[in-house]
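# Understanding the architecture of this molecule
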Amino acid sequence: MIAALLLATLVADPSEWWKTYGDPVLVELVERATQTNLDVRKALARIEESRALAGVARSALTPSLNWNSSAQQLRGGYQQGIIRIPQGPESGRAFVAPFETGLISSGLDARWEVSLWSAAGKQLSAARAELAAAQEAAADIRLMIAAEVARNYFEARGLERQLEILENNRARQADLLALTRERARAGLAPELDVERQLAELAALESEIPPLEAARRARMNALAVLLADREFADRPLPPPASWAIPGVGDGIPSDLLLRRPDVRAAHARMLAAMARRKAARAEIFPRVLLTGLAGRQATSLGGLTLGAGNFFAIGPQLALPVFSGGRIRAGIEAADARLEQARLEYEQELLVAFQEAEDAIAAYRAQQERIRRLETARASAHSAFDLSLKLYRAGLADYLNVLDAQRSVLEIERALADAQISSLVQSVLLFKALGGGWPTVAQP
């Protein structure tokens, strides 16, 4: 009953949150990973194990029927109960003598424990709750794998954007270097300006290899998540324009209850409750129905005769009288495990609230950072264009152009980093809310 209630109320939400971004490449990667990732496949194997263990627990509630056959050669005496009493004067003084014979038996025995206070029913409820916990754990692993794929994908795209910014600025600096050389040849600028621009261009180019290595690392991480070693060598298609919804005020508690790790902890608590009931059931009597039927003979041919038939049926009542404290200790251990499961569930809820609050605060901070950097980028480009015009006209020093150029590069890179960080924080927020999103409240 407990497991049925659990499965009815705690079914994992199938929300495919990664489709919210509108990127078909991301959708394909996540769907591939949730099918081929090795951690996901191990989680599915654990589900099958839990399902099989539930079947084992269920079998304890059904009658058991066994067929037994044996063939023996017995040489008897007093202990075996097989003796021969000699007849006639040739027997001498022996009153009894050993007797040797064959014994063949075949039959069925049945056993069924009537589930009145039986622990078997409680163990079945616990096994079903453990199965639900394994299913939720698998859903949690899928959620984490999807989040890791999205995070590494966005970071790889962010590094591509950083490389693109460097390439654009390298072209801009190359044009400025050509201009500076022309002015130096015309005697309008010192050779020092040329050397400064050469150093600036070389410094910019030195930042490209580390970014390429970082991007390769993200691609390698995606290859592991996809269980595809050759993925890192394939180029990604052009990126899409990403869109994510706005964030509302507060976090609905029902979103946190969607988290698979919270639901798995709840299922484990229900399993511990069922196992405690099973431990308490050990103090009650056990009612068993047993039966036995078969044939026994001293030869194969004798099995066909009716004289060797045997049959027995009847109830049994087993009541524990003294167990040396085993039952009481088992109950105490089950109580302690239930308390652990309850505390684990409470802790999961607290961690869920913390992760959600942290993620939403970080996401909002990145959104505010993006707005401010966009304003700064527009001003930086205006300042650079103005300084370049003044430099061409001989009305400004080269250092002004150099400073404006550095500002443009720094702000563009900071803005690209903020945009990718915002996407990564949105992924963490989706993960913290189990795939949900705190949408903007409607007026």
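The notes below deal with the structure included here.

### Notes on the pairing of strand 5 (residues 286-297)
- Here strand 4 (residues 100-114) pairs with strand 5 via 11 bridges, running antiparallel. Counted as the bridge partner of Ala-110 is Gly-291 from strand 5.
- Relative to strand 6 (residues 309-318), strand 5 runs antiparallel, the two being bridged by 10 bridges. Bridging across to strand 6, Leu-289 finds its partner in Pro-315.

### Some points on the layout of surface pockets
- Each pocket or cavity is described by its volume, and for the second largest pocket that value is around 380 Å³.
- Around the second largest pocket sit 18 residues that line it, and Ala-240, Trp-242, Gln-419, Ile-420 and Leu-423 are the ones nearest its centre.
- Elements supplying a minimum of two residues to the lining of the second largest pocket: helix 4 (119-185), helix 9 (326-392) and helix 10 (398-432).
- Considering only residue class, the lining of the second largest pocket consists of 10 nonpolar, four polar and four charged.

### Concerning the nonpolar core
- Formed by 57 residues in total, the largest nonpolar core has its most connected members in Trp-17, Tyr-21, Val-149, Phe-154 and Phe-231.
- Breaking this core down by element, the ones donating at least two residues are helix 2 (24-36), helix 3 (38-59), helix 4, helix 6 (208-226), helix 7 (253-256), helix 8 (260-280), helix 9 and helix 10.
- The greatest single-element share of this core, amounting to 13 residues, is contributed by helix 4.
- Among all residues touching Trp-17, those that are not within four sequence positions of it are Leu-143, Ala-146, Ala-147, Ala-150, Val-427, Phe-430 and Gly-435.
- Residues Leu-176, Phe-384, Leu-388 and Ala-404 belong to the second largest nonpolar core, which totals 13 residues.

### Focus on helix 3
- Taking 1.5 Å per residue, 22 residues should reach 32 Å; helix 3 reaches 32 Å between its end C-alpha atoms and fits that length.
- Listed in full, the buried residues belonging to helix 3 are Val-40, Ala-43, Ile-47, Ser-50, Ala-54 and Ala-57. The arc enclosing the buried residues of helix 3, seen along the axis, measures out at 85 degrees, which places them on a common side. Set apart from the buried face of helix 3 by more than 90 degrees, the exposed residues are Leu-53 and Val-56.
- Where helix 3 is buried, its residues contact helix 2 and helix 4.

### Let's talk about the environment of Leu-349
- Along the chain, Leu-349 turns up in helix 9.
- Between the C-alpha atoms of Leu-349 and Ser-253, which are 96 residues apart in sequence, the distance is 9.8 Å.
- Residues in contact with Leu-349, not counting those within four places in the same chain, are Leu-257 and Val-262.

### Concerning the pattern of salt bridges
- What the rule picks out here adds up to 29 salt bridges.
- Residue Glu-230 pairs with Arg-234 through a salt bridge whose shortest N-O separation is 3.8 Å.
- Taking relative accessible area as the criterion, Arg-234 reaches 36% and is therefore assigned partly exposed.
- Here the salt bridges share partners, and the residues they tie into one network are Arg-32, Asp-228, Glu-230 and Arg-234.

Quick notes on the rules
Residues numbered from 1 in each chain as written. Predicted model: local features only at pLDDT ≥ 70, side-chain atom pairs only at ≥ 80, totals over all residues. Heavy atoms only, no water. Pairing = 2+ DSSP bridges. Helix = DSSP H or I, 4+ residues; strand = E, 2+ residues; numbered from the N terminus. 1 Å grid on protein atoms, 1.4 Å probe; cavity = no way out; pocket = protein on both sides within 12 Å on 5 of 7 lines; lining within 4 Å. Points joined across faces, edges and corners; volume = space filled by probe spheres on them. Nonpolar A, V, L, I, M, F, W, Y, C, P; charged D, E, K, R; others polar. Core = buried A, V, L, I, M, F, W, Y, C linked by side-chain atoms within 4.5 Å. Buried < 20%, exposed > 50% of the residue type's maximum accessible area, 1.4 Å probe, protein only. Contact = heavy atoms within 4.5 Å. Expected span 1.5 Å × (residues − 1). Arc of directions from axis to C-beta. Salt bridge = Lys/Arg side-chain N within 4 Å of Asp/Glu carboxyl O.

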